[in-house]
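Listed below, chain by chain, are the residues.
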Amino acid sequence: MNHGGDIPVSFFTCDVAPQRLFTHLGAEALRDFAAIQNVQEVPKGALLFSEGQAPTALVLLQTGGARLSVCSSRGEKLTLRMAKAGELLGLSANVSGKPHEVTAETTVPSQIVFIKRKDFVRFLKDHSDACMQVVQMLSNDVHAAYDRVRAIGMARARHVRN
Amino acid sequence: MLSPYGLEIIESCLTCKLREDRLFCNLSPAAVKDLEAIKYSTAYPKGAVLFVEGQAPRGVFILCKGRTKLSICSSDGKTLILKIAEPGEVLGLSATVSGKPYELTAETLDPCQVNFVKREDFLRYLRDHNEVTLRVAEQLSDKYNTACHEIHSLGLSHSAAEKLAKLLLEWSEKNGDAKQPGRMKLALTHEEIAQMIGTSRETVTRLFADFKKRQIIQLKGSTLVIRNRQALETLINP
């Protein structure tokens, strides 16, 4: 079902190669990566995964966009950032096996590639260059998250005093 | 071997008895042997700064013994403690991998033994050992998890009382006495606790006094006992 986005058939053959994902892998690794993908089109507002949910699959946002947020027990939502086409979502939870730290929800009709966690972990074990790139991506995610902590934490330290 | 700080130094990763219990260090013999060849083992006193936020990454610091405070600082001198790192953690990891400046300051809270690995040696080591790269990915995932948790706590908590209640419950789960639930040693000063929840030292002191008065907690020296867990939970989820 097409929800209105421009849909490349496969990540492997996609002309608009996602910027952050596995750009320097060999042909064999790219072929193996293509083999574990499951492409789906989802509408605006689709919940890709929720905070606290056990990770079952990695999500590659092939086209479209998604909001990453955290939610309080009172139901208040804090948007962490807007993810763009080409980003891998749920990476840290799928690597560690711990529950998702954030909720991801599409903001426009999007094409999503789901990669089952067990397939992804096996892929990383088989392809050391892909594993190295995942480490790079996670490092960037950690940097971005600490920047957000700095922005929120320092603002709150100034204004919330009781 | 004893060091000047009273630490029992672990001389070699190959003979380290604690290795199997630690997420990063529990590697294959070949990987441990190669790590042994590139690491520099050092003992630090309490209060030593391992690296500073904004500094170009020199390498990673594998914490073998002791605890280290990880914090960020604003331009007007305010400090926010993100985490107290425990033995087995690798510090400076994301900066070393990405080549971006260290995003935190690491300062020892106790005398510590630290294995330092230079950046270029560490990156070569990762390329040679995929199992270590996977282990590093797990550690980075944990760090991302911690940062998200901190964002959640700072961005969505309404009051300092709520944040202190959350912190006490977390500590009780993580560091509590297994035989006496709710009892724990307070290892941080009120100033440091304030820096962990983004408030002032005065507010933390006032909140502790209030919690004691309402018989939610009991403080005997540095031992804290949670007497009314439900009251703390109500502060978080009214």
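So, a few notes on the structure that sits alongside this text. Residue numbers run consecutively from 1 along every chain, following the written order of its sequence. Starting at A for chains and at 1 for ligands, labels are handed out in the order in which the entities are written. Local features in a predicted model are, by the rule used here, given only for residues with pLDDT of at least 70; side-chain atom pairs are given and counted only at 80 or more, and totals for whole chains, interfaces and linings are based on all residues. Working from all heavy atoms in the structure, the side-chain values ignore hydrogens and water.

### Quick look at the overall build of chain B
Inclusion rule: Only DSSP runs of H or I with at least four residues qualify as helices, and only runs of E with at least two residues qualify as strands; both kinds are numbered from the N terminus onward. Only C-alpha atoms enter the radius of gyration; for comparison, a globular chain is expected to reach 2.2 Å times N to the power 0.38, where N is the number of residues. For the exposure calls, accessible area comes from a 1.4 Å probe over protein chains only, and a residue counts as buried if that area is under 20% of its type's maximum, exposed if over 50%, partly exposed in between. We call two residues contacting when some pair of their heavy atoms lies within 4.5 Å.
What chain B contains, in helices and strands, is eight helices and eleven strands. For chain B, whose C-alpha radius of gyration is 19 Å, the value lies close to the compact-globule estimate of 18 Å for 238 residues. For chain B, the spread of C-alpha atoms along the principal axes amounts to about 55 × 40 × 30 Å. The 238 residues of chain B split such that 55% are buried. Within chain B, residue pairs in contact and separated by at least 24 positions form 68% of the contacts whose partners lie at least 6 positions apart.

### Quick look at the environment of Ser159 of chain B
Its place among the elements puts Ser159 of chain B in the loop between helix H4 (130–156) and helix H5 (160–175). C-alpha separation for the pair Ser159 of chain B and Asp110 of chain B, spaced 49 residues apart in sequence, amounts to 31 Å.

### Topic: the packing of aromatic side chains
The relation between two aromatic rings is expressed through the spacing of the ring centres and the mutual angle of the planes. Residues and elements named next belong to chain B. Using the following cut-off: We call Phe, Tyr and Trp rings a pair once their centres come within 6.5 Å, taking the six-membered ring for Trp, and we label the pair stacked below 30 degrees between planes, edge-to-face above 60, and tilted otherwise.
Taken as a whole and judged by the stated rule, the model has four aromatic pairs over all chains. Consider the rings of Phe51 and Phe61, whose centres lie 5.4 Å apart with planes at 40°: the pair is tilted. With Phe51 in strand S2 (residues 49–51) and Phe61 in strand S3 (residues 59–65), the pair connects residues that are ten residues apart, well separated along the chain. Summarising the burial analysis for this pair, Phe51 and Phe61 share the class buried. Grouped by ring-pair contacts, the aromatic residues Phe51, Phe61, Tyr102 and Phe116 constitute a single cluster.

### Quick word on the pairing of S3 of chain B
All names here are of chain B. The condition is simple: Any two strands are treated as partners once DSSP identifies two or more bridges connecting them.
For S3, the tally of buried residues reaches six of seven residues, placing the bulk of the element in the interior. Bridge count between S3 and strand S8 (residues 112–118): six bridges; the pairing is antiparallel. Paired with Lys65 across the strands is Gln113, a residue of S8.

### Concerning the interface of chain B and chain A
Our working definition: Throughout, buried area stands for the accessible area (probe radius 1.4 Å) lost by two parts on being put together, summed over both. What counts as a salt bridge is simple: a side-chain nitrogen of Lys or Arg found within 4 Å of a carboxyl oxygen of Asp or Glu. Counted as a polar contact is a pair of N or O atoms within 3.5 Å, where, for protein atoms, one must be capable of donating a hydrogen and the other of accepting one, and residues adjacent in sequence contribute only when both atoms are in side chains.
On the chain A side, the residues contacting the 53 residues of chain B number 44 residues. Between chain B and chain A, roughly 4400 Å² of surface is buried when both sides are summed, and carbon and sulfur atoms account for 65% of that area. When the buried area of chain B at its contact with chain A is split by residue, Tyr144, Ile151 and Leu156 of chain B rank highest and sum to 16% of it. The tally of links from chain B across to chain A stands at two salt bridges. Between Asp142 of chain B and Lys98 of chain A there is a salt bridge, with the nearest N and O atoms lying 2.7 Å from each other. Linking chain B to chain A there are twelve residue pairs in polar contact (both at pLDDT 80 or more). Going through the elements one at a time, strand S4 (68–73), strand S5 (79–85), helix H2 (93–98), helix H3 (119–128), H4, H5, helix H7 (201–213) and helix H8 (229–236) of chain B are the ones with two or more residues in the side of chain B that touches chain A.

### Regarding helix H6 (residues 190–197) of chain B
Each turn of an α-helix holds 3.6 residues, which means side chains three or four residues apart point in the same direction. Residues and elements named next belong to chain B. Among the eight residues that make up H6, six are buried, leaving the element largely enclosed by the rest of the structure. Buried residues of H6: Glu192, Ile193, Ala194, Gln195, Met196 and Ile197, and no others. Against the buried residues of H6 lie S4, S5, H4, H5 and H7. Backbone geometry just after H6 places Gly198 at a positive phi near 65°.

### With respect to the nonpolar core
What counts, and what does not: Among buried residues, the Ala, Val, Leu, Ile, Met, Phe, Trp, Tyr and Cys ones that are joined through side-chain atoms within 4.5 Å form a nonpolar core.
By size, the foremost hydrophobic cluster in this structure holds 94 residues, and its most contacted members are Leu89 and Phe120 of chain A. With 13 residues, helix H4 (residues 128–159) of chain A is the single largest residue contributor to this core. Setting aside residues no more than four positions away along its own chain, Phe120 of chain A makes contact with Phe22, Ile36, Leu58, Leu91, Val95, Ile115 and Val134 of chain A. Membership of the second largest hydrophobic core comes to 29 residues, among which are Ile84, Ala160, Ala165 and Ile216 of chain B.

### Some remarks on unusual backbone geometry
Here Gln215 of chain B, not a glycine, exhibits a phi torsion of approximately 55°, which is positive. As for its position among the elements, Gln215 of chain B is in the loop between H7 and strand S10 (217–220).

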